Amino acid sequence: MSGLSVNRVHLRYPNGGGIETGRLDFGAGQIIALLGPNGAGKSTLIKALVGAVRADVEGLSVAGQTLIDPRQRARNLAYLSQTRTGPALSSVRDIIALGRFPFGAQDPEQRVAAVIETLGLGPFADRPFGTLSGGEQARVLLGRALAVDAPVLLADEPTASLDPHYALRIMDTLRSEARRGRTVIVSVHDLSLAERYCDQALILAGGCIVGQGTVRETLNADILRDVFRVSRSPDGLTPLS
Ligand SMILES: Nc1ncnc2c1ncn2[C@@H]1O[C@H](COP(=O)(O)OP(=O)(O)OP(=O)(O)O)[C@@H](O)[C@H]1O
């Protein structure tokens, strides 16, 4: 089943950073890890796809339907930004409900309640966002993205700032979303999480795609050395000088 496809993504920032890709196909029912060192272009690629930054995005389609106007993007692409900001005075429940906005006011509330339950946000549901810890806020913002219930979820470092319990629980949740036929695209730095949870990997370096395939295939010794500047040792990953 086809998930998200795009013929080309191009964005060049004035300082030289950015992203340049050819055709990309991300299957439905899969979790795809965007991997690469700091500054590789992972956030830029996600932002370009969702329309959070002005970029040349050619032939963007979901489930075979070309996405032309912003409303189509909002309904088809849910987005968790790397920047974890939200309205300080709004309640957790209200922020998550904002995820239903693209579908209109008469949309049922069950999805919001289910997301609150899944992410363990029940105890905070009526608290103002600004009174939550960083990790709790991160879960609320992921909840808003999950509430959209879009065919594609793009999450920029969804486990950043989460404790081990919630990092694994969130990855389990993303796995469940993929099992429901969603396409889940996540940028992650933790390569072991990518190996454990993701079906495919897209490796970026210097704004270009330098590897693509299953996570195990792509995270080979050459990519680890040349892109991530680490090597595998019996103790785990070791930094190279
Ligand atoms: N708004 C911007 N203006 C100018 N340059 C930018 C802007 N945003 C990002 N860049 C540059 O583009 C490149 C890619 O940045 P991007 O945030 O996409 O990387 P990333 O792979 O997500 O990194 P990280 O793992 O550190 O989050 C970097 O060199 C960055 O400095």
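Reading the values: rules and limits
Residues numbered from 1 in each chain as written. Predicted model: local features only at pLDDT ≥ 70, side-chain atom pairs only at ≥ 80, totals over all residues. UniProt positions renumbered as here; feature names shortened; annotations may be inferred. Helix = DSSP H or I, 4+ residues; strand = E, 2+ residues; numbered from the N terminus. Rg over C-alpha atoms; globule rule 2.2 N^0.38 Å. Buried ≥ 20, exposed ≤ 12 C-beta atoms within 10 Å, placed from the backbone. Contact = placed C-beta atoms within 7 Å. Core = buried A, V, L, I, M, F, W, Y, C linked by C-beta atoms within 7 Å. Axes fitted to C-alpha atoms, helices over the stretch in contact; angles between N-to-C directions. Parallel < 35°, antiparallel > 145°, perpendicular 65-115°, else oblique. Left-handed = near helix turned anticlockwise from the far one by under 90°. Nonpolar A, V, L, I, M, F, W, Y, C, P; charged D, E, K, R; others polar. Pairing = 2+ DSSP bridges. pLDDT = per-residue confidence, 0-100.

Per an unreviewed UniProt entry, the recorded name for the protein chain is ABC transporter, and the organism is Algimonas arctica. Comment text from UniProt for the protein chain, heading Function (unreviewed entry), reads "Part of the ABC transporter complex HmuTUV involved in hemin import. Responsible for energy coupling to the transport system."

Peer 1: Would you take a moment to explain the overall build of the protein chain for this structure?
Peer 2: Each helix and strand counted, the protein chain has nine helices and 15 strands in total. Over its C-alpha trace the protein chain gives a radius of gyration of 18 Å, about what one expects of a compact globule, namely 18 Å for 241 residues. On the principal axes, the C-alpha backbone points of the protein chain span a range of 50 × 45 × 35 Å. For the protein chain, buried positions account for 41% of its 241 residues. Considering only contacts within the protein chain whose residues lie at least 6 apart along the sequence, 65% involve residues at least 24 apart.

Peer 1: I would appreciate a short explanation of the nonpolar core in the present structure.
Peer 2: The nonpolar side chains of a soluble globular protein tend to be buried with one another. The biggest cluster of nonpolar side chains holds 70 residues, and the ones touching the most others in it are Ala 33, Leu 49, Ala 145 and Leu 154. Considering every element that reaches this core, the biggest residue donor is helix H5 (residues 134-148), with eight residues. Not counting the four nearest positions on each side in its chain, Leu 49 is found in contact with Val 6, Val 9, Val 57, Leu 60, Leu 77 and Leu 154.

Peer 1: What am I meant to see in the environment of Val 140 here?
Peer 2: Position of Val 140 relative to the elements: it lies in helix H5. The exposure class of Val 140 is buried, given the 25 C-beta atoms found within 10 Å. As for Val 140 and Val 112, which are separated by 28 residues in sequence, their C-alpha atoms are 11 Å apart. In this view, Val 140 contacts Gly 86, Val 92, Ile 95, Ile 96, Leu 121, Phe 129 and Leu 132; residues no more than four positions away in its chain are not counted.

Peer 1: Would you explain the packing of helix H4 (residues 110-118) against H5 in this entry?
Peer 2: The packing of two helices is summarised by the inter-axis angle and the distance between the axes. Look at H4 against H5: their axes get within 9 Å of each other, and the N-to-C directions meet at 140 degrees. Considering their axes alone, H4 and H5 lie oblique with respect to each other. Considering how the two elements wind past one another, H4 and H5 form a crossing that is right-handed. In this structure, H4 contributes Arg 111, Val 112, Val 115 and Ile 116 to the contact, and H5 contributes Gly 143, Leu 146 and Ala 147. When its residues are assigned to classes, the contact of H4 with H5 shows five nonpolar, one polar and one charged.

Peer 1: Help me understand the environment of Ala 55, please; the structure alone is not making it clear to me.
Peer 2: With respect to the secondary-structure elements, Ala 55 resides in the loop between helix H1 (42-50) and strand S6 (56-58). Sequence separation between Ala 55 and Ala 78 is 23 residues; the distance between their C-alpha atoms is 18 Å. Residues within four places of Ala 55 in sequence aside, it is in contact with Val 9, His 10, Leu 11 and Ala 48.

Peer 1: Is there a simple way to think about the sheet that holds strand S8 (residues 65-66) in this case?
Peer 2: Strands pair in a sheet through their backbones, by hydrogen bonds, and they do so in one of two ways: parallel or antiparallel. Strand order in the open sheet made by the four strands is S4-S1-S7-S8, with antiparallel pairing throughout. On the outer flanks of this sheet lie strand S4 (24-26) and S8, each paired with one strand and no other. Looking at chain direction, strand S1 (residues 4-6) and S4 are connected through three bridges and run antiparallel. Counterpart to Val 6 in the pairing with S4 is Leu 24.

Peer 1: Got a minute to help me understand the confidence of the model for the protein chain in this structure?
Peer 2: Reading fine detail from the predicted coordinates is not recommended where pLDDT is low. Per-residue confidence for the protein chain gives a mean pLDDT of 93, with 97% of residues at or over 70. Here the predicted complex carries an ipTM of 0.98, next to a pTM of 0.95.

Peer 1: Explain the environment of Glu 136 here, please?
Peer 2: Here Glu 136 is to be found in helix H5. Looking at Glu 136, the number of C-beta atoms within 10 Å reads 20, which means it is buried. A sequence separation of 14 residues divides Glu 136 from Gly 122, and the C-alpha atoms of the two residues are 11 Å apart.

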